[in-house]
Amino acid sequence: MTEYGFNTMLLHGVPQEDPYGATHTPIYQSSAFQHKSAEDLENIFTNKAMGFSYTRINNPTVEAFEKRITKLEHGVASVACASGMAALFNALANILQTGDEVVAAAGLYGGTVELFEDLERFGITTRYVTENEPEAYEKLITDRTRVIFAETIGNPKLDVTDIQAVADMAHSHGLPLVIDNTVATPYLVKPLELGADVVVNSSSKYINGNSDAISGILTWGGKFQWDPERYPGLIPYKKFGPMAYVAKLRNGLFRNTGACLSPQNAFLNNLGLETLGLRMQRQCDNAWKLAEFLRDMGAGLTVNYPGLPESPYYELAKKQLNGGFGAIITVRTGSREKAFEIINSLKLPYILSNIGDTKTLVLHPASTIAVHLSKEDQLQSGVYEDQIRISVGIEDIEDLKKDFETAIRAVNA
Ligand SMILES: *Cc1c(COP(=O)(O)O)cnc(C)c1O
């Protein structure tokens, strides 16, 4: 097939084959699917035939979304879940068991840090690097390590993982790399192409784009070879060859945890997805302009954005990301009071805990998304008391600049 550009792929990458000619896969709002014979249903349940049986296991609208993400992330199969957290849990728990260890980046999304805490009760422990460098991950590997985990762009630390280098290092130890690509999205980078083995997106964010549905999706790259001694859980699925990882999920954990995405939310994601490229281009462009503006306005702000040359991640971001540096900025204001005052003085941004909306969003991470973390963990996650996080939307940049300038000047006066 012709290799189309990103936006064309979004629209035409997976042919639309609705029997009635619908331009979007309709919402198959059905809990279960009927079949002509007992044999037909048996064949589906025993993996001898493709087909739909029960929406907790699969569904045509959800499958349409999975196929499109698989294509976008250059993977071989995807499993859509009820939320980004469900996708992360399924991606990791599918390969982990009691006694195993995870080596993870610092500065991860707070929910993910809490998930790793929950896993401790099942005897799965996580060790965090302090520097996002391949050698730092390597130092923490023990004979119990079973997976390396990082975010393409850390939320909210905004550190950038050198995916290729970390993947090469992980593979040299026989370990898979799982990447959370939520903040970068496949528009900026396709982690599987750089050697990651599983990529997870919280599609509640940029992929959906309009903040109208919670969902997550994991995509399997199809390459990693599971050593049966280290990953005994995959042995029964060996007959599925390179699809063993996904077969294990669909026949086990995913269906048994009831992590499925609703058809309605899959439909909203399919709609939102069509404009992912347009939105990301505009949001990255706006973020870059706003970051420069805030840095240069002489208001004593410290601006953290991987697209600014003073960011320690600038060179890596330039090399690894295509078409932008992401659309999240964090700003240190000097004090918690100032941070709150600025947030309260802004007119356009919504004050809420989300990213990736078409609208600009602001919050104070230390008192919200990172409030459950210890002070030490907050610093590890790049969270400070005087900091604001901005998720930049698609508004006209002059309006955004004016709004931020007015708020900041008023607070400083
Ligand atoms: C939001 C987010 C998640 C969790 O996704 P939900 O859809 O809210 O469950 C995971 N990772 C990152 C980086 C996120 O921003």
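Residues numbered from 1 in each chain as written. Predicted model: local features only at pLDDT ≥ 70, side-chain atom pairs only at ≥ 80, totals over all residues. Heavy atoms only, no water.

(A) Up close: the overall build of the protein. Of the regular secondary structure elements, the protein holds 16 helices and 12 strands. Whereas a compact globule of 413 residues would reach a radius of gyration of roughly 22 Å, the protein reaches 22 Å, a difference of no more than 12%. Overall, the C-alpha framework of the protein stretches about 75 × 55 × 40 Å when taken along its three principal axes. Classification of the 413 residues of the protein by burial places 56% in the buried group. For the protein, restricting intrachain contacts to residue pairs at least 6 apart in sequence, the fraction spanning at least 24 positions comes to 72%. Accessible surface computed for the protein: about 17900 Å², of which carbon and sulfur atoms make up 52%. Taken together, the 37 basic and 49 acidic charged side chains of the protein have centroids lying 2 Å from each other. (Helix = DSSP H or I, 4+ residues; strand = E, 2+ residues; numbered from the N terminus. Rg over C-alpha atoms; globule rule 2.2 N^0.38 Å. Buried < 20%, exposed > 50% of the residue type's maximum accessible area, 1.4 Å probe, protein only. Contact = heavy atoms within 4.5 Å. Areas by Shrake-Rupley, 256 points an atom, 1.4 Å probe, with all protein chains shown as cover. Lys, Arg positive; Asp, Glu negative; His and termini not counted. Charge placed at Lys NZ, Arg CZ, Asp CG, Glu CD.)

(B) Fine view of the domain arrangement of the protein. As assigned here, the protein comprises domain 1 (30-272) and domain 2 (276-412). Inter-centroid distance (C-alpha atoms) of domain 1 to domain 2 is 28 Å. Counting residues at the interface gives 39 residues for domain 1 and 38 residues for domain 2. Taking both sides of the interface into account, the surface hidden between domain 1 and domain 2 amounts to around 3100 Å²; carbon and sulfur atoms contribute 59%. When the buried surface of domain 1 facing domain 2 is broken down by residue, Leu 158, Tyr 187 and Tyr 206 rank first, second and third, together holding 26% of it. Inspection of the region where domain 1 meets domain 2 yields zero salt bridges. (Domains from an automatic or database assignment. Buried area = accessible area lost by both parts, 1.4 Å probe. Salt bridge = Lys/Arg side-chain N within 4 Å of Asp/Glu carboxyl O.)

(C) Seen up close, the site of the ligand. In the neighbourhood of the ligand, 14 residues make up the surrounding shell, with Gly 84, Asp 180, Ser 202, Ser 204 and Lys 205 lying closest. Between the ligand and the protein, one listed contact pairs an oxygen atom with a backbone N or O atom of Met 85 at 2.9 Å. Between an oxygen atom of the ligand and a side-chain N or O atom of Lys 205, the distance comes to 2.8 Å. If the ligand stood free it would expose 380 Å²; the protein chains cover 93% of that surface. If one sorts the elements of the shell around the ligand by residue count, helix α4 (residues 84-93) sits on top with three residues. Among the residues making up the shell around the ligand, the classes are represented as four nonpolar, seven polar and three charged. (Near = heavy atom within 4 Å. Polar contact = N/O pair within 3.5 Å; in protein donor to acceptor, adjacent residues only side chain to side chain. Nonpolar A, V, L, I, M, F, W, Y, C, P; charged D, E, K, R; others polar.)

(D) A look at the packing of aromatic side chains. For the structure on display, the rule yields 13 aromatic pairs. Relative to Trp 226, the ring of Phe 224 has its centre 4.7 Å away and its plane inclined at 70°; by these criteria the two rings are edge-to-face. On the numbers, 6.5 Å between centres and 65° between planes, the contact of Tyr 305 with Phe 325 is edge-to-face. Highlighted residues: Tyr 305 in the loop between β8 (302-304) and α13 (314-320) and Phe 325 in the loop between α13 and β9 (328-332), separated in sequence by 20 residues. Taken together, the ring pairs in this structure connect Trp 220, Phe 224, Trp 226, Tyr 231 and Tyr 245 into an aromatic cluster. Cation over ring: Arg 332 sits above Tyr 384, and NZ or CZ is 3.8 Å from the ring centre. (Phe/Tyr/Trp six-rings, centres within 6.5 Å; stacked < 30°, edge-to-face > 60°. Lys NZ or Arg CZ within 6 Å of the ring centre and 35° of its normal.)

(E) Main features of helix α5 (residues 110-120). Those residues of α5 lying buried are Gly 110, Thr 112, Val 113, Leu 115, Phe 116 and Leu 119. Elements in contact with the buried residues of α5: α4, β2 (101-104), β3 (125-128) and β4 (145-151).

(F) Layout of the sheet that holds β9. With mixed pairing, five strands are arranged side by side in an open sheet as β8-β9-β12-β11-β10. Of all strands in the sheet, those bounded by a partner on one side alone are β8 and β10 (350-351). In terms of strand pairing, β9 meets strand β12 (residues 387-391) through five bridges, oriented antiparallel. Bridged to Thr 330 within β12 is Arg 389. Relative to the sheet, helix α12 (residues 276-296) contacts β8, β9 and β12, its axis offset from that of β9 by approximately 15°. Along the sheet face, helix α14 (residues 336-345) touches β10, β11 (361-363) and β12 and points at about 30° away from the line of β12. (Pairing = 2+ DSSP bridges. Axes fitted to C-alpha atoms, helices over the stretch in contact; angles between N-to-C directions.)

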